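Tertiary structure, described
In case you want the letters, here they are:
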Amino acid sequence: MIIESPDPNWKDYQLIDCGNYEKLERFGNVVMARPEPKALWDKSLSEGEWNRLMHTRFTPGAGFGKAGKEDSGTWNRLKKMDDQWYIRYNAGGPSFKLRLGLTSFKHVGVFPEQAPNWEFIYSRTRALVEKAKAEGRPTPKVLNLFAYTGAASLAAKAAGADVTHLDSVRQVVTWAKGNMEASGLDNIRWIVEDALKFARREAKRGNVYQGIILDPPAYGHGPDGEKWKLDECLNDMLKCVSSILAPVDSFMVLNLYSNGFSAVLGETIVRQNFCLKSACKNIESGELVLTDSCGKVLPLSVVVRLER
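Okay, so let's go over this structure.

1. Some thoughts on the pattern of salt bridges
- Tallying each qualifying case throughout the model produces 21 salt bridges.
- Where Glu-193 meets Arg-201, a salt bridge forms, and the shortest distance between an N and an O atom there is 2.6 Å.
- Its relative accessible area of 17% is what places Glu-193 among the buried residues.
- One salt-bridge network, in which partners are shared between bridges, spans Glu-22, Lys-43, Glu-47 and Arg-57.

2. Some thoughts on unusual backbone geometry
- The backbone phi angle of Asn-187 is positive, close to 65 degrees, even though this residue is not glycine.
- Residue position: Asn-187 is located in the loop between helix H4 (170-182) and strand S11 (189-192).
- Although it is not a glycine, Asp-249 sits at a positive phi angle of roughly 50 degrees.

3. Overview of the state of the cysteines
- One pass over the structure, following the stated rule, counts 1 disulfide.
- Two residues, Cys-275 and Cys-280, share a disulfide whose sulfurs are 2.1 Å apart. Measuring handedness by torsion sign, the sulfur bridge of Cys-275 and Cys-280 sits at about -105 degrees and is left-handed.
- The partly exposed category is assigned to Cys-280, whose relative accessible area is 24%.
- Left unpaired, Cys-233 is separated from the closest cysteine sulfur, that of Cys-240, by 12 Å.
- Since its relative accessible area comes to 14%, Cys-233 is described here as buried.
- The thiol of Cys-294 is not disulfide-bonded; the next cysteine sulfur, from Cys-18, is found 8.2 Å away.
- Given a relative accessible area of 37%, Cys-294 falls into the partly exposed group.

Conventions used here
Residues numbered from 1 in each chain as written. Predicted model: local features only at pLDDT ≥ 70, side-chain atom pairs only at ≥ 80, totals over all residues. Heavy atoms only, no water. Salt bridge = Lys/Arg side-chain N within 4 Å of Asp/Glu carboxyl O. Buried < 20%, exposed > 50% of the residue type's maximum accessible area, 1.4 Å probe, protein only. Helix = DSSP H or I, 4+ residues; strand = E, 2+ residues; numbered from the N terminus. Disulfide = S-S within 2.5 Å.

By themselves, these observations are geometric and do not establish any function.
In structure tokens:
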């Protein structure tokens, strides 16, 4: 099992402290406190130290903890700060910029624990691009489903891939496009659609990709009201995606945030859908974590990576 965290050379992000169901983070020059249900232990720093450091703190709303509303709330600003600001990721292979902002759902536009996935996507994509050039084949295609504000898309594009970015929310696709432009990249294909519908249509068309990235939510809705529930839809999604992933010289990344899913579960469902009919060269699974400045390790997501 792998346990990975962002490269400490990434200077624009730091998990300062976590505990008592909160985390204290620095994005660029902005320090914020947000709810974190997995931080079951005590904080290492005092409440006074948190208040001294932070620019803003997220306060959950009345619907916090209810289906569809568990992240809703408001930000309470304690120091002067911009409504939007940029950070740069340049700790390893890819280099790109990400715009951050305070949303009513406690998110800010980036999930920093995903940095190891960005590095994996970049390195595997770059190797496929170089091999394709050497053999005179078309540029490898990478599909990013449930793509949010596009950090994984930027990693694949920075490596030279032909990238398709799909999300069901038009506003975050616009956000991702802005990140591409700020990073000096171009020609990503943008799609606002239900991910499962798109994958099924691509399968019918016979289209294949050399890289597929999936970061599905626990639940959600497509642009036309399509319902998504992870434990009910994941197997069908992976079954469909396996048919549009190239049988050789390809990779797949699956990220899962649901508290009820384990690395063993993730690897098993991936093996069943991808490795029975086509040979799998390598498969690894584990957790993506953040380590705070006091040494506490905060597990945040399950990851499964496959190579054919």
